[in-house]
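Close look at the chain arrangement
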Amino acid sequence: MIRNLNIILMVTSIIALATVYGLKFSIEHTANEKIALIAMIDTQESDLSLLRADWAALNQPGHIEPIVKRHQEALGLGPVKQKQFGSFTDLAMRPAAPDNQGLNALFESLDAGVDPIDAILQGLN
């Protein structure tokens, strides 16, 4: 009986030992993956900071101005004129009451299957 118990305890010890070693190697593999990911993140962060510095240099007016001057005719760019800005008086006033007839006509046309936006877009072509 004791011999059988000793054999069972040895087998379970060997299984536990194999499980512990398997767990150890699994943890080491996970740690190596973590180190590799940290290194990759550091590389990407340094690349990102370099790209941000390049972007900041390329967005400076001193860099953009010669390009704009060189392509001014093709782009049709020019200085902003005062007439390009509107005023509040140019805006249409809000109607005092909703246009019920217009809304009813819109809903009736939608129910009939007519798309008013499509008609507007067709008129633009």
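Just so it is clear, the structure is predicted and the values come from calculations on it, not from any experiment. (Residues numbered from 1 in each chain as written. Predicted model: local features only at pLDDT ≥ 70, side-chain atom pairs only at ≥ 80, totals over all residues. Heavy atoms only, no water.)

**Focus on the overall build of the protein**
Put simply, the test is: A run of DSSP states H or I qualifies as a helix once it reaches four residues; a run of E qualifies as a strand once it reaches two. Both are numbered from the N-terminal end. Between the two quantities, the radius of gyration covers C-alpha atoms and the globule rule is 2.2 Å times the number of residues to the power 0.38.
A count of helices and strands for the protein gives 5 helices and 0 strands. Ordered by position from the N terminus, the helices and strands of the protein form the series α-α-α-α-α. For a compact globule of 125 residues, the expected C-alpha radius of gyration is about 14 Å, and the protein comes in at 37 Å, more than 25% above that figure. Across its three principal directions, the C-alpha atoms of the protein cover 105 × 55 × 30 Å.

**Examining the confidence of the model for the protein**
Filter applied, for reference: How sure the predictor is of each residue is captured by pLDDT, a score from 0 to 100.
Per-residue pLDDT for the protein averages 88, and the proportion of residues at 70 or more is 99%. Of all helices and strands in the protein, the one with the weakest mean pLDDT is helix 5 (residues 116-124) (78), whereas helix 1 (residues 2-58) scores best (95).

**Comments concerning a nonpolar patch on the surface**
Quick reminder of the rule: Residues enter patches when their relative accessible area tops 30% and they take part in no salt bridge; the joining distance is 9 Å for like charges and 5 Å for the nonpolar side chains Val, Leu, Ile, Met, Phe, Trp and Tyr. The protein chains shown are the only cover counted for residues, whose accessible areas, like all others here, come from Shrake-Rupley with a 1.4 Å probe. When a carboxyl oxygen of Asp or Glu lies within 4 Å of a side-chain nitrogen of Lys or Arg, that pair is called a salt bridge.
On the surface, Leu103, Leu106, Phe107 and Leu110 cluster together into a nonpolar patch covering about 340 Å² of accessible area. Positionally, Leu103 belongs in helix 4 (residues 100-111).

**Focus: the environment of His63**
The criterion, for reference: Relative accessibility decides the category of a residue: with a 1.4 Å probe and only protein chains considered, values under 20% of the type maximum give buried, values over 50% give exposed, and everything between is partly exposed. Note on definitions: a residue-residue contact is assigned when non-hydrogen atoms from the two residues lie within 4.5 Å.
By the element assignment, His63 lies in helix 2 (residues 61-70). A residue is classified by how much of its surface remains accessible, and His63, at 36% relative accessible area, is partly exposed. In the structure, His63 is positioned 59 residues away from Asn4 in sequence and 86 Å away in space, judged by C-alpha atoms. The residues touching His63, leaving out its near neighbours within four places in the chain, are Ala57 and Leu58.

**Regarding the environment of Gly62**
By the secondary structure assignment, Gly62 is in helix 2. Given a relative accessible area of 60%, Gly62 falls into the exposed group. Residues Gly62 and Ser109, spaced 47 residues apart in sequence, show a C-alpha to C-alpha distance of 55 Å.

**Focus: the environment of Asp118**
Here Asp118 shows up in helix 5. For Asp118, a relative accessible area of 38% puts it in the partly exposed group. Asp118 sits 114 residues away from Asn4 along the chain, and the two C-alpha atoms are 88 Å apart.

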